[in-house]
Amino acid sequence: LGAQLAAEGVQADNDGEVEIKQYDTETNPSAALDRMKRAVTADGIDFAFGGISSAVCSSIGTWASDNGVVYVADGSSGTLTGADCKPFMFRTYSSNPMMSKAVAPYMADLADSWYILYADYVWGQNAQGIVSDLLEQEGSSVAGKDATPWPPTSNDFTQYLNNAANSDATGLALVEPGGLPAGIMSQARNQGILGDYKVMVHQAEDPTFWGVGKWSAEAVEVAPTGWTNAVDGGEEFKQQIADRGNLDPFVRHVTGYTGMDQLLRASLRAGSKDAEDVRDALEGHEITDSKINDIESGKLYWRECDHQLIKPTYIVSGLAEADMQDSPYKTWFGIDQTVQGDDVARTCDETGCSF
């Protein structure tokens, strides 16, 4: 829906019509690659946006760059804008390094020792490694960590929670995608141990808690995220999502809007749909002429050296249930800090990316 709103907005300001085609990646790199090939070779798309799984984004981005198609990814693994970066791939979401660097000081203040559960694929592996290093730099320690199978082979995380309980950790870091953090928290609650920990959820996204209950959001002591609807501004956008969507406004609506808006505006600036022209129009571009500037709360620009969108990262925590809002849309998290992108992004040399 975010992408649709962006297309409508650009169409309203300019002549022409935008056709959006949708494909299901199945959160599977092979399936995603098949869809991308079909989209380009059979359906004739000009550029692409999407992919939440970083493994999916890597698969699409490699093929897109090899075949001269501009692709904007929505995954967050640092590898996407790291040594494995691709010349025609860009990224809207705050990277793992950006989110980890923003949240690590808060984690160190909350607990001296952390146990980390992480999904055993590129995103989880990348994030837990960065978080572990940063915690130690901040004076906290990692009591232990477990890699949980991805895709999950079971919804039972008892063995991992027992490992955490048998450590001296007072913090539980959940570097798990989608609804898994809330599911793990439910099990910890049923075991009577959830209250023993300060809980961090990496890349928390509101809908994964909406389906579980307010207690699950309230239990999150700290989390980094790419956006939450508690951000000041963008009220028209939020209301449009609430009125037209089947989900209340959350971060993927914003990244969808950003990806579509920026691809279209880059093409207009370039006066071309050619991949090299669109890429050149994005590289180094500071966003100053879009509704995005009302929705986000800081400076946004496409970094030339690695194609990362430098944008704010938001540190959030669950509100007390009595303070949570359900209307006109659910707001269960509050913002503790807005961290500007330039303050947490790796330097170009640190990324390992070179174009």
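Above this text is the structure in question.
Conventions adopted
- Residues numbered from 1 in each chain as written.
- Predicted model: local features only at pLDDT ≥ 70, side-chain atom pairs only at ≥ 80, totals over all residues.
- Heavy atoms only, no water.
- 1 Å grid on protein atoms, 1.4 Å probe; cavity = no way out; pocket = protein on both sides within 12 Å on 5 of 7 lines; lining within 4 Å.
- Points joined across faces, edges and corners; volume = space filled by probe spheres on them.
- Helix = DSSP H or I, 4+ residues; strand = E, 2+ residues; numbered from the N terminus.
- Nonpolar A, V, L, I, M, F, W, Y, C, P; charged D, E, K, R; others polar.
- Salt bridge = Lys/Arg side-chain N within 4 Å of Asp/Glu carboxyl O.
- Buried < 20%, exposed > 50% of the residue type's maximum accessible area, 1.4 Å probe, protein only.
- Expected span 1.5 Å × (residues − 1).
- Bend = angle between axes of the 7 residues up to and from the residue.
- Pairing = 2+ DSSP bridges.
- Axes fitted to C-alpha atoms, helices over the stretch in contact; angles between N-to-C directions.
- Contact = heavy atoms within 4.5 Å.

Draft legend 1. Representation of the layout of surface pockets in the model. For the second largest pocket, the calculated volume is near 200 Å³. For the lining of the second largest pocket, the secondary-structure elements that each account for two or more residues are α4 (96-110) and α5 (122-137). Looking at the lining of the second largest pocket, its residues break down into five nonpolar, one polar and four charged.

Draft legend 2. Focus on the pattern of salt bridges. In total, this model carries 14 salt bridges according to the counting rule given. Linking aspartate 46 and lysine 273 is a salt bridge whose minimum nitrogen-to-oxygen distance equals 3.7 Å. Of the two residues, aspartate 46 is situated in the loop between α2 (29-41) and β1 (47-50) and lysine 273 in the loop between α11 (251-270) and α12 (275-282); the sequence distance between them amounts to 227 residues. Classification of lysine 273 as exposed rests on a relative accessible area of 52%. Glutamate 221 serves as the salt-bridge partner of lysine 198, at 3.8 Å between the closest nitrogen and oxygen. Of this pair, lysine 198 sits in strand β7 (residues 198-201) while glutamate 221 sits in strand β8 (residues 220-225), and the two are 23 residues apart along the sequence. Judged by its relative accessible area of 32%, lysine 198 falls in the partly exposed class. Here glutamate 221 falls in the partly exposed class, since its relative accessible area comes to 33%.

Draft legend 3. A look at α4. Across its 15 residues, α4 extends 20 Å between first and last C-alpha, which sits within 8% of the 21 Å expected from 1.5 Å per residue. Residue valine 103 marks the point of greatest curvature in α4, where the axis turns by about 35 degrees; the proline proline 105 follows within four residues. Taken together, the buried positions of α4 are Asn96, Pro97, Met98, Met99, Ser100, Ala102, Val103, Ala104, Met107 and Ala108.

Draft legend 4. Spatial organisation of the sheet that holds strand β2 (residues 70-73). Judged by pairing direction, the sheet is parallel, and its three strands sit side by side in the order β1-β2-β3 without closing on themselves. With partners counted over all chains shown, the strands left at the sheet margins are β1 and β3 (89-91), one partner each. In this sheet, adjacent strand axes meet at a mean angle of 20 degrees when their direction is disregarded. Packing of α11 onto the sheet brings it into contact with β1 and β2, and relative to β1 it is tilted by some 165 degrees.

Draft legend 5. The arrangement of the pairing of β8 in detail. Within β8, five of the six residues are buried, which leaves it mostly tucked inside the rest of the structure. Bridging between β7 and β8 involves two bridges; their strand directions are parallel. Bridge pairing links valine 199 to valine 220 in β8. Pairing geometry for β8 and strand β11 (residues 313-318), over three bridges, is antiparallel.

Draft legend 6. Expanded view of empty space enclosed by the protein. One pass over the full model with this rule turns up two cavities of 30 Å³ or more. Roughly 40 Å³ of internal volume is contained in the largest cavity. As for the largest cavity, its lining consists of Thr81, Ser95, Pro97, Met98, Arg303, Asp306, Gln308, Ala345, Arg346 and Thr351. Tallied by class, residues from the lining of the largest cavity come to three nonpolar, four polar and three charged. If you add up the space inside the second largest cavity, you get close to 30 Å³. Forming the walls of the second largest cavity are Ala204, Glu205, Asp206, Phe209, Thr225, Thr228, Val316 and Phe333.

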